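# Summary of structural features
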Amino acid sequence: TEVGDFLALDLGGTNFRVMLVKVGEDEKGKWKVETKHQMYCIPGDTMTGTAEMLFDYIAQCISDFLDKHNMKEKKLPLGFTFSFPVRHEDIDKGILLNWTKGFKASGAEGNNVVGLLRDAIRRRGDFEMDVVAMVNDTVATMISCYYEDRSCEVGMIVGTGCNACYMEEIRNVDLVEGEEGRMCVNTEWGAFGDSGELEEFRLEYDRMVDEMSLNPGQQLFEKIISGKYMGELVRLVLLKLVNENLLFNGEASGILKTRGSFETRFISQIERTDSDSGDLKQTYNILTTLGLLPSKLDCEIVRLVSESVSTRAALVCAAGLAGVINRMRENRSQESLKITVGVDGSVYKLHPLFKHKFHAMVQELTPRCNITFIQSEEGSGRGAALVSAVARKMASMLCH
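So, here is what we can say about the structure in this document. None of these values were measured; they are calculated from a predicted model.

## Some points on the sheet that holds strand β8 (residues 152-158)
Each strand in a sheet pairs with its neighbour through backbone hydrogen bonds, running either in the same direction (parallel) or in the opposite one (antiparallel). Spatial strand order, β10-β9-β8-β11-β12: five strands in an open sheet with mixed pairing. The open sheet terminates on both sides in strands that have one partner only, identified here as β10 (182-186) and β12 (369-375). Ignoring strand direction, the axes of neighbouring strands in this sheet form an average angle of 25°. Those strands touched by helix α4 (residues 137-146) are β8, β9 (162-169), β10, β11 (337-344) and β12, and its axis lies near 130° from that of β8. Taken strand by strand, helix α12 (residues 354-365) contacts β8 and β12, and its axis lies near 160° from that of β12.

Take a look at the structure:
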C-alpha cells in the first residue's frame with residue numbers, strides 16, 4: 001500500500017546505479033512502480049583506493065542524477081542496496097565485514113556503510129538525503145518480486161557475484177525473540193566452502209583463480225559460479241590444453257596468456273550462436289581477437305570448455321538453491337511446498353543456457369516442491385525503494 005517518490009542506490013559490482021522510483025496507483029487503482037535510472041561505471045582505482053574516495057564518488061553520481069532530474073531541492077527517502085557481507089545491526093546500519101568481487105577500498109571494513117555514505121553526502125553539501133534502509137541485493141530482489149507474486153519467499157543473484165536469501169521461521173533465528181512468523185535471512189552463500197566444505201569439488205583451475213584473486217581463501221562457492229570468475233576459469237583450462245599440446249598447436253598468444261583476457265561475455269556469445277547452428281564462426285572470431293589462428297577442431301574444443309564451465313556453474317548453483325528450498329519445506333513440516341524464487345543478475349539473464357540447466361537441476365533436487373522462477377526487472381533498486389517505503393511508513397506509525 002506504499003506510495004511516494006524514493007531514491008535507490010545499488011552498489012554491488014563494477015557498475016553503480018542511481019534510481020528514482022515512483023510508487024503509486026494507476027488510473028484503474030492498480031498498484032504500479034515506475035523507475036528512471038542512470039548507470040555509472042566505478043573506476044578501478046576508486047574500487048581499490050580509500051573508503052572516502054569511493055563514497056565521495058558515489059555522492060558525486062547522486063548529485064549528477066539529481067541535477068539531471070531537477071530534484072536537488074527535494075529531500076527524498078533513500079534505499080541503499082549494498083551487496084557485500086555486512087553485520088546488519090539496524091534497518092539503516094550495517095557493518096561491512098569484508099569486501100568481495102574485486103573491491104578493496106581501505107577504511108571501510110569494520111565500519112557502518114550507511115555512516116560512510118551520510119558523511120560523503122555531508123562533505124559534498126549540495127543536496128540532502130534521508131537514508132532510510134540498507135538492504136542486500138538478494139533481499140531487494142525478493143521484495144521486488146513479492147509485489148508481483150505473493151508466494152515469492154526466496155531471492156537469488158547470479159551475476160558478478162552469487163548469493164541467495166530466504167524466509168526462515170523466526171523460531172530458528174537466534175538473534176530475534178519469539179516463535180511466530182518469519183524473517184528474511186541473507187545466506188551469503190558465496191562464502192560457503194571457506195571452511196573446507198568444497199575441497200573435494202574444487203579443481204586446479206579453481207585454486208589458481210582463488211590464489212590470484214583479491215580475497216584468496218574467501219568466497220569459494222561464488223568463485224565456481226559467478227560471472228566475475230567464469231571467463232578466467234575458461235582461460236586457465238585453455239592454457240593447460242595448450243601446454244599439453246592439445247590446442248592451437250601448442251602455441252598460446254600473448255593475449256591469451258594475460259589474466260582476464262577471456263571475458264565471461266565470450267562464453268555467452270560462443271554458446272548463444274555456435275551451439276544451436278553447429279556453426280563455429282563466433283568462436284573463431286573471438287579467438288582471432290585474442291591473437292590466435294584456430295582450426296575447426298580448436299574452435300570445437302573451446303566451445304566444449306565454455307560449455308563445461310558454465311554448465312558446472314549452473315548445476316552447483318542449483319544444488320545451493322535446492323538445499324535452501326528443501327530446508328524451508330522441512331522447517332514448515334509440509335509434504336509439498338509451492339514457492340516462487342525471484343532471480344536477478346547478468347549470468348542468469350544473459351547466458352543463453354544457464355537458466356534452463358539451472359531450473360532443470362533445481363526441480364530434480366527438490367522432488368516435493370513446486371517452484372516458479374520470476375526474473376526480476378531492476379529488482380535491486382526497486383526492492384531497496386520498496387523496503388524504504390515500508391520502513392518509513394512503520395517509523396511514522398511508531399512516532400504517532
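## Here's the deal with unusual backbone geometry
Excluding glycine, residues mostly have negative phi values, and the peptide bonds linking residues are mostly trans. We note that Phe-248 has phi near 50°; this positive angle belongs to a residue other than glycine. Mapping Phe-248 onto the fold places it in the loop between α7 (227-243) and α8 (264-277). The phi dihedral of Ser-333 is positive, around 50°, even though this residue is not glycine. Its place among the elements puts Ser-333 in the loop between α10 (296-331) and β11.

## A look at the side chain of Glu-271
On the secondary structure map, Glu-271 appears in helix α8. For the buried residue Glu-271, which engages in no salt bridge, the nearest side chain bearing the opposite charge is Lys-357, 4.3 Å off. A polar contact of 3.0 Å, which involves the side chain of Glu-271, links it to the side chain of His-351.

## Quick notes on the sheet that holds strand β4 (residues 77-82)
The mixed open sheet is built from five strands, whose spatial order is β3-β2-β1-β4-β7. Each edge of the sheet is formed by a strand with only one pairing partner; in this case those strands are β3 (31-41) and β7 (130-135). For this sheet the average axis-to-axis angle between neighbouring strands, irrespective of direction, equals 20°. Here β4 runs beside β7; their pairing, made up of five bridges, is parallel. Along β7, the bridge assignment pairs Phe-80 with Met-134. On top of the sheet, helix α2 (residues 51-68) reaches β1 (4-11), β2 (15-25), β3 and β4; it is set at about 125° to β3, its chief contact.

Rules of the game
Residues numbered from 1 in each chain as written. Predicted model: local features only at pLDDT ≥ 70, side-chain atom pairs only at ≥ 80, totals over all residues. Heavy atoms only, no water. Pairing = 2+ DSSP bridges. Helix = DSSP H or I, 4+ residues; strand = E, 2+ residues; numbered from the N terminus. Axes fitted to C-alpha atoms, helices over the stretch in contact; angles between N-to-C directions. Contact = heavy atoms within 4.5 Å. Buried < 20%, exposed > 50% of the residue type's maximum accessible area, 1.4 Å probe, protein only. Lys, Arg positive; Asp, Glu negative; His and termini not counted. Salt bridge = Lys/Arg side-chain N within 4 Å of Asp/Glu carboxyl O. Polar contact = N/O pair within 3.5 Å; in protein donor to acceptor, adjacent residues only side chain to side chain.

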